[in-house]
Amino acid sequence: MIPTVVWGTGNVGRAAIRAVDAHPALELAAVLVHDPAKDGRDAGELAGLDRVLGVAATRDTASVLAARPRALVYAASGDIRPDEALADVTAAVRTGAVVVTPALYPLYDQRNAPPEFRDPVRTAVAEGGGSLFVSGVDPGWGNDVLPLLISGLGTTVEAVRCQEIFDYSTYEQEDSVRHLVGMGHPMEYEPPMLAPSVPTMVWGGQIRLMARALGVELDEIHETLERRPLDTTVTTRTMGVFEAGTQGAVRFEVRGLVGGEPRIVVEHITRIHPSCAPDWPNPPDGAGAHRVIIEGRPRIEVTVEATDEGENRSAGGNATAVGRLVNAIDWLVEAEPGLYDALDVPLRPAVGRIGRRPS
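**Here we look at the overall build of the chain**
Next, step 1: Scanning the chain for helices and strands turns up ten helices and 14 strands.
Next, step 2: Here the C-alpha atoms of the chain give a radius of gyration of 20 Å, agreeing with the 21 Å that 2.2 N^0.38 yields for 359 residues.
Next, step 3: The principal-axis extents of the C-alpha atoms in the chain amount to approximately 55 × 45 × 40 Å.
Next, step 4: For the chain, the proportion of its 359 residues judged to be buried stands at 52%.
Next, step 5: A sequence separation of at least 24 residues applies to 69% of the contacts in the chain between residues at least 6 apart.
Next, step 6: When the accessible surface of the chain is totalled, it reaches about 15,500 Å², and 51% of it is carbon and sulfur.
Next, step 7: Taking the 33 positively charged and 49 negatively charged side chains of the chain as two groups, their mean positions are separated by 4 Å.

In structure tokens, the structure reads:
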């Protein structure tokens, strides 16, 4: 068994605890939390399981890392604290741990990552013998291994489009939805996640990764953005009221141009209520989905719907993103120490988990 730590118990961390607990090769060794109210609580309770796991959450990061865990899932956010997240991750890698995380999006395409992100990790690998694999929570597989796999089913490929289409009214991360993305703010508000160049900073690595796999040279990466206001005031179950006239829907594209044409595209269409921007693409059930479209011959379209924590589509997306990361741990333990990306790490079958009932 591989002793594995989960660092963080938010949307990603809850799913990570469940995934580690379910994996036949992994053993949950510790859970790190920031909130004093979570300190000492059992990991099973924090993960929403119906049983005790016998692992009490702790805020003592130094002691957990001093125990030199073999693996660590870094589930704390890196959106607004990238420097702190990088410091946390490199500290874990320096202990010799295999670390998997969605938090450091500049490292999605690690070969072309900025030196200020790549170099500290490489130094930590050299000093401690650990490894790092970064894949997105949006989810990463929807913008790398899935479209690349499907592209291989075609005769000709004109363009690859990856879509995330979601109603965020049930999403339990209010700061991100309201302040980073701008839902519920006046239309003159400038959401940090939608500022020029930020979408490319977040998703450009996945565009470059796919281009590398497909053997094409990008001219440049270009962004488009549309925002729509709410026509009426709406009330959500988890985040309260969003007033009429405030931002209710966002659609943006990060486009990889080849020969002046958008050939590799990551598109996000998010709403706070289904009534906003009804003319934009909608998920099949109205809640959420991830879709890959291969324009070519034949035209191929694959839509993936995942649910978790009841019927929560956003939680399902988080869970599949976490599954990609956690299921890579045993492979990474056997691999050489290093910095890995989605083209390096194979997509693993669910060995030993068929027929097991979730708790």
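**Some thoughts on helix H8 (residues 198-214)**
Next, step 1: Taking 1.5 Å as the rise per residue, H8 with 17 residues should run 24 Å; its terminal C-alpha atoms sit 24 Å apart, in good agreement.
Next, step 2: The sharpest bend along H8 reaches about 45° and sits at glycine 204.
Next, step 3: Taken across its 17 residues, H8 has twelve buried, putting it largely inside the fold.
Next, step 4: Those residues of H8 that sit buried are Val198, Pro199, Thr200, Val202, Trp203, Gly204, Gly205, Gln206, Ile207, Leu209, Met210 and Ala211.
Next, step 5: Buried residues belonging to H8 abut helix H6 (145-151), strand E6 (156-167), strand E7 (220-229), strand E10 (247-258) and strand E11 (261-271).
Next, step 6: Phi turns positive, to about 75°, at glycine 215, one or two residues after H8.

**Focus: empty space enclosed by the protein**
Next, step 1: Going through the model one piece at a time under the given rule, you end up with four cavities of 30 Å³ or more.
Next, step 2: Approximately 50 Å³ is the volume attributed to the second largest cavity.
Next, step 3: Lining of the second largest cavity is provided by Asp138, Pro139, Gly142, Asn143, Cys162, Gln163, Glu164, Val266, Glu267, His268, His290 and Arg291.
Next, step 4: Class assignment for the residues of the lining of the second largest cavity results in three nonpolar, five polar and four charged.

**What about the pattern of salt bridges?**
Next, step 1: According to the stated counting rule, one finds 19 salt bridges in the structure shown.
Next, step 2: The residue glutamate 267 makes a salt bridge to arginine 161 at a minimum N-O spacing of 2.9 Å. Of the two residues, glutamate 267 is situated in strand E11 and arginine 161 in strand E6; the sequence distance between them amounts to 106 residues.
Next, step 3: Here arginine 161 falls in the partly exposed class, since its relative accessible area comes to 23%.
Next, step 4: Among the charged side chains, a network of salt bridges with common partners joins Arg161, Arg251, Glu253, Arg255 and Glu267.

**Structural notes on the sheet that holds strand E5 (residues 131-134)**
Next, step 1: If you walk across this open sheet you meet the six strands as E2-E1-E3-E4-E5-E14, and the pairing is parallel. Both outer strands of the open sheet, strand E2 (26-32) and strand E14 (339-340), are each paired with one neighbouring strand and no more.
Next, step 2: Across two bridges, the pairing between E5 and E14 is parallel. Paired with phenylalanine 133 across the strands is tyrosine 340, a residue of E14.
Next, step 3: Where helix H4 (residues 82-94) meets the sheet, its contacts fall on strand E1 (2-7), strand E3 (71-74), strand E4 (98-101) and E5, and the angle it forms with E3 comes to roughly 170°.

**With respect to the environment of arginine 208**
Next, step 1: Looking at where arginine 208 falls in the secondary structure, it is placed in helix H8.
Next, step 2: It is 7.7 Å that separates the C-alpha atoms of arginine 208 and leucine 218, two residues lying ten residues apart in sequence.
Next, step 3: Those residues within four positions of arginine 208 in sequence are excluded, and the remaining contacts are Asp109, Asn112, Leu218 and Ile221.

**With respect to the packing of aromatic side chains**
Next, step 1: Per the stated rule, a full pass over the model turns up four aromatic pairs.
Next, step 2: When the centroid spacing of 5.1 Å and the interplanar angle of 75° are considered together, the rings of tryptophan 7 and tyrosine 74 count as edge-to-face. With a gap of 67 residues between them, tryptophan 7 in strand E1 and tyrosine 74 in strand E3 connect regions that are remote in the sequence. This pair shows no difference in class: tryptophan 7 is buried, exactly as tyrosine 74 is.
Next, step 3: Here arginine 178 stacks its cationic end above the ring of phenylalanine 242, 3.9 Å away from the centre of that ring.

**Details of the pairing of E1**
On any regular strand, side chains alternate: one points to one face of the sheet, the next to the other face.
Next, step 1: Within E1, five of the six residues are buried, which leaves it mostly tucked inside the rest of the structure.
Next, step 2: Here E1 runs beside E2; their pairing, made up of six bridges, is parallel. Within E2, the residue paired with proline 3 across the bridge is glutamate 27.
Next, step 3: Once the chain exits E1 it traverses helix H1 (residues 11-22) before rejoining the sheet at E2, and the crossover so formed is right-handed.
Next, step 4: Bridge count for E1 against E3 is four bridges, and the pairing is parallel. Among the inter-strand pairings, valine 6 is bridged to a residue of E3, identified as valine 73.

**Some remarks on the sheet that holds strand E12 (residues 288-297)**
Next, step 1: One open sheet holds the six strands; their spatial order is E7-E10-E11-E6-E12-E13, and the pairing between them is mixed. Both edges of this open sheet fall to E7 and strand E13 (300-304), since each of them pairs with a single strand only. Taken pair by pair, the neighbouring strands of this sheet meet at an average axis angle of 15°, ignoring direction.
Next, step 2: Across ten bridges, the pairing between E6 and E12 is antiparallel.

Reading the values: the criteria
Residues numbered from 1 in each chain as written. Predicted model: local features only at pLDDT ≥ 70, side-chain atom pairs only at ≥ 80, totals over all residues. Heavy atoms only, no water. Helix = DSSP H or I, 4+ residues; strand = E, 2+ residues; numbered from the N terminus. Rg over C-alpha atoms; globule rule 2.2 N^0.38 Å. Buried < 20%, exposed > 50% of the residue type's maximum accessible area, 1.4 Å probe, protein only. Contact = heavy atoms within 4.5 Å. Areas by Shrake-Rupley, 256 points an atom, 1.4 Å probe, with all protein chains shown as cover. Lys, Arg positive; Asp, Glu negative; His and termini not counted. Charge placed at Lys NZ, Arg CZ, Asp CG, Glu CD. Expected span 1.5 Å × (residues − 1). Bend = angle between axes of the 7 residues up to and from the residue. 1 Å grid on protein atoms, 1.4 Å probe; cavity = no way out; pocket = protein on both sides within 12 Å on 5 of 7 lines; lining within 4 Å. Points joined across faces, edges and corners; volume = space filled by probe spheres on them. Nonpolar A, V, L, I, M, F, W, Y, C, P; charged D, E, K, R; others polar. Salt bridge = Lys/Arg side-chain N within 4 Å of Asp/Glu carboxyl O. Pairing = 2+ DSSP bridges. Axes fitted to C-alpha atoms, helices over the stretch in contact; angles between N-to-C directions. Phe/Tyr/Trp six-rings, centres within 6.5 Å; stacked < 30°, edge-to-face > 60°. Lys NZ or Arg CZ within 6 Å of the ring centre and 35° of its normal. Right-handed = clockwise from strand over helix to strand, strands pointing away.

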